[in-house]
Amino acid sequence: MGQDVEHRHFTREDRTRYRAKVRRCLDVFARMLSEHDFSVQHPHVGIEIEFNLIDASGDPAMKNAEALAAIADDDFQTELGLFNIEINVPPARAAGDGLTTLEEALRADLNQAQVRADEVGAKLVMIGILPTLRDEHFTADSLSPNPRYHLLSDQILAARGEDIEIVIDGVDRLEATADTIIPEAACTSTQLHLQVEPEDFASMWNAAQAIAGVQLAVGANSPFLLGRQLWHETRIPLFEQATDTRSEELKTQGVRPRVFFGERWITSVFDLFEENVRYFPSLLPIVEDEDPLAELEAGRVPSLPELRLHNGTVYRWNRPIYDVADGRPHLRVENRLLPAGPTVVDTLANAALFYGLTTVIGHSERPLWSQLSFRAAEENFHSAARTGMETDLYWPSVGTVPARELVLRHLLPMAAAGLEQMGVDDAVGGRLLDVIERRCVTGTNGASWLIEEFTRRADAGADRVEALRSTTRAYEEHMHANDPVHTWTHG
């Protein structure tokens, strides 16, 4: 959810000053792209994962403060809902056995965190949406006390001028309203970071957009919300609606949503930051003391806090990141569309597919996006969110084919080639991509396993609430065993 801020009241003057400061930051950023060295000798990759907390019955455990105090590890942080926490795994080089290093670090942190969380009656679950969430969990009382969350909620509701309405048609139909952004807390995701150079950013971001539908098809893990079976990746429509600042009238006028796939292929990272400033009013107009131009002309690297904060309130599925580390500026693509889970090994397999495909497509001589319309990429994305592994996807020179066939016959060899370009050891990349291959062969990802397990338990006579609870408990046991989801049994 980004940096901490204090709760406060914003004036019209605050918003005017903030707009001017963001534009000043944008001008400085443009100069930096032409004058500064953003080069990275050894590109790093990173992972952030949001977790749900459950109790012994499988219901949400509203204990993130207690769990974090018990875990006592700075890598774990609070999140929007009292039933959420997040881990930020320290970045690692992708080359060699870097992905294994990430996997081992994540697994060790998770094991230790679970031991500590058990002391306060909480269990950690990596899943896109917790199946046992109910209406009573979608109230203001479920928001974490961090002032940032309450301030952001207030600002989004004020911009809307009305309560948030959630309407999703899937196998079942959901209609719900909320007077805070707590529905967003139901969306627990995996965020993959890929460090890139400015001259490569546009092609890498375009590549990430092009494969978004593929990622969702093989990685979907969120079929249930508030007792209903909806999309295979219900997080996508839920997040789009839970943070929508537009009234119905503004939607009709074509005003852009703050959660959106995008509008076009880009030619520079500047395009995305410039769009943010041009199209989206501030939600958190907090002005810092730093003068970015003075910093730049003094030979220092400006942190551009207003530009970064504003970027953090525009929720692109592939978001541009400007950051400063060890006194050097760098750029990252933050891939935000995947759900959490099902396991650590599945998470790293998803990461390997993303890094490999993005690299090989982003560096191809003939850009894929010269053959694929942006609208077709977006249609792939939403179709895959709806039907997961069974989605038909359009791909240039292949046509419209089942996602499983597309991955098996065409994209896995490309991903392997991309990992090789990154210097990833063959054994490391091969092991992780084998997980994706077996998912496609068996037709089993997190969403399909959850649906089948729930259906089996419901057909055996369990009522809907108990079937979702027992499904969640079974999922949690498999998750901690860390066997990839395509090997999970039922019952």
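Along each chain, residue indices are assigned from 1 in the same order as the chain's sequence is written. Local features in this predicted model are restricted to residues of pLDDT 70 or higher, and side-chain atom pairs are both shown and tallied only at a pLDDT of 80 or more, whereas totals for entire chains, interfaces and linings draw on every residue. Each side-chain value is worked out from all heavy atoms of the structure, with water and hydrogens disregarded.

**Some remarks on the side chain of E240**
Counted only if it meets this: A run of H or I in DSSP counts as a helix once it spans at least four residues, and a run of E counts as a strand once it spans at least two, with each numbered from the N terminus. Accessibility here uses a 1.4 Å probe with only protein chains present; expressed as a share of the type maximum, an area under 20% marks a residue as buried, one over 50% as exposed, and anything in between as partly exposed. Positive charges are assigned to Lys and Arg, negative charges to Asp and Glu, while His and the chain termini are left out of the count. Put simply, a salt bridge is a Lys or Arg side-chain nitrogen that is within 4 Å of an Asp or Glu carboxyl oxygen. Should any heavy atoms of two residues lie within 4.5 Å, those residues are counted as being in contact.
Looking at the element boundaries, E240 is found in helix α7 (residues 235-242). Despite its burial, E240 pairs with no opposite charge, the nearest such side chain being R246 at 8.1 Å. Those residues in contact with E240 that sit more than four places away from it in its chain are V259, W317, F381 and H382.

**Section: the environment of H330**
The condition is simple: Polar contact is defined as a pair of N or O atoms within 3.5 Å, subject to the rule that within protein one atom must be able to donate a hydrogen and the other to accept it, and that residues adjacent in sequence are counted only when both atoms are side-chain atoms.
Note on placement: H330 falls in strand β13 (residues 328-339). Sequence separation of H330 and F38 is 292 residues, and the distance between their C-alpha atoms is 5.3 Å. Once you skip the residues sitting within four places of it in the chain, H330 turns out to touch F38, Q195, I321, Y322, D323, V324 and A325. Of note is the side chain of H330, whose polar atom sits 2.9 Å from the side chain of R332.

**Let's talk about the nonpolar core**
The line we're drawing: Side-chain atoms within 4.5 Å link the members of a nonpolar core, which is a set of buried Ala, Val, Leu, Ile, Met, Phe, Trp, Tyr and Cys residues.
L99, L225 and Y355 are the most contacted members of the largest nonpolar core, which has 157 residues in total. Considering each element in turn, this core owes the most residues, 12 residues, to helix α12 (residues 344-362). Those residues within four positions of L225 in sequence are excluded, and the remaining contacts are I129, F138, I168, L174, A186, L230, T234 and L238.

**Quick word on the pattern of salt bridges**
Summed over the entire model, instances satisfying the criterion amount to 35 salt bridges. With its nearest N and O atoms 3.5 Å apart, the salt bridge here joins D37 to R328. Here D37, found in the loop between α1 (12-35) and β1 (44-54), pairs with R328, found in strand β13; they are 291 residues apart in sequence, far enough to count as distant. Exposure remark for D37: the relative accessible area of 41% places this residue in the partly exposed category. With a shortest N-O distance of 3.1 Å, E275 and R264 are connected by a salt bridge. You can see E275 sitting in helix α9 (residues 269-279) and its partner R264 sitting in the loop between β10 (259-260) and α9, a full 11 residues away along the chain.

**Looking at helix α2 (residues 64-71)**
Since the α-helix turns once every 3.6 residues, residues separated by three or four places project in the same direction. In plain terms, the rule: By definition, the arc is the one covered by directions from the helix axis to the C-beta atoms.
Among all positions in α2, only N64, A67, L68, A70 and I71 are buried. All buried residues of α2 fall inside an arc of 160° around its axis, so they share one side. Lining the buried residues of α2 we find β1, β2 (76-78), β3 (84-93) and α3 (98-118).

**A word on the packing of helix α5 (residues 198-210) against α12**
Filter applied, for reference: Angles shown run from 0 to 180 degrees and are taken between the N-to-C directions of axes, each axis being a line fitted to C-alpha atoms and, for helices, limited to the stretch in contact. Orientation categories follow fixed angle ranges, with anything under 35 degrees roughly parallel, anything over 145 roughly antiparallel, 65 to 115 roughly perpendicular, and all other angles oblique. The sense of a crossing depends on the near helix, which, turned anticlockwise from the far helix by less than a right angle, makes the crossing left-handed and, turned clockwise, makes it right-handed. Gly is placed with the polar residues, together with every amino acid not listed as nonpolar (Ala, Val, Leu, Ile, Met, Phe, Trp, Tyr, Cys and Pro) or charged (Asp, Glu, Lys and Arg).
Packing of α5 against α12 leaves a shortest axis separation of 8 Å and a crossing angle of 125°. Comparing the axis directions of α5 and α12 gives the class oblique. The crossing of α5 and α12 is right-handed. Taken together, the residues of α12 that come into contact with α5 (itself represented by S203, M204, A207 and A208) are F354, T358, T359, I361 and G362. When the residues that make up the contact of α5 with α12 are grouped by side-chain class, the tally is five nonpolar, four polar and no charged.

**Concerning the layout of surface pockets**
The test is simple: Only protein atoms enter the calculation, which uses a 1 Å grid: trapped sets of points that fit a 1.4 Å probe without letting it out are cavities, open sets showing protein on both sides within 12 Å along at least five of seven lines are pockets, and any residue with an atom within 4 Å of a point is a lining residue. Grid points are joined across faces, edges and corners, and a volume is the space filled by probe spheres set on the points.
Estimates place the volume of the second largest pocket at around 310 Å³. Residue composition of the lining of the second largest pocket, by class: nine nonpolar, seven polar and three charged.

**Thoughts on unusual backbone geometry**
Omega for the peptide link from G341 to P342 comes to 5°, which places this bond in the cis form. As for its position among the elements, P342 is in the loop between β13 and α12. In this structure, N482 takes a positive phi of about 65° despite not being glycine. Relative to the assigned elements, N482 resides in the segment after α17 (464-481).

**Considering a negative patch on the surface**
Operational definition: Note on patches: the residues involved have over 30% relative accessible area and no salt bridge, like charges join within 9 Å, and the nonpolar side chains Val, Leu, Ile, Met, Phe, Trp and Tyr join within 5 Å. Accessible areas in this description were obtained via Shrake-Rupley with a 1.4 Å probe; residue shielding takes into account the shown protein chains only. Here the site of a charge means atom NZ of a Lys, CZ of an Arg, CG of an Asp or CD of a Glu.
A contiguous patch of negative charge on the surface is contributed by D97, E104, E420, D425 and D426. Structurally, E420 can be placed in helix α14 (residues 403-421).

**Looking at α9**
Taken together, the buried positions of α9 are occupied by V269, D271, L272, F273, E275, N276 and V277. On the buried face of α9, the contacting elements are α1, α5, α11 (305-311), β11 (315-316), β12 (318-325) and β13. Measuring from the backbone nitrogen of F270 back to the side-chain oxygen at the start of α9 gives 3.0 Å, which picks out S268 as the cap.

**Remarks on the packing of aromatic side chains**
Here is the rule we go by: What counts as a ring pair is set by centres within 6.5 Å for rings of Phe, Tyr and Trp (its six-membered ring), and what kind of pair is set by the plane angle: stacked under 30 degrees, edge-to-face over 60, tilted for all other angles.
Considering all chains together, one arrives at 17 aromatic pairs under this definition. An angle of 65° between the planes, with centres 5.7 Å apart, marks the rings of F260 and F280 as edge-to-face. Residue F260 is located in strand β10, and its partner F280 is located in the loop between α9 and α10 (292-297); the two are separated by 20 residues in the primary sequence. Taking relative accessible area as the criterion, F280 reaches 5% and is therefore assigned buried. Cluster of aromatic residues (ring-pair linked, three or more members): F239, F261, W265, Y315, W317, W369, F374 and F381.

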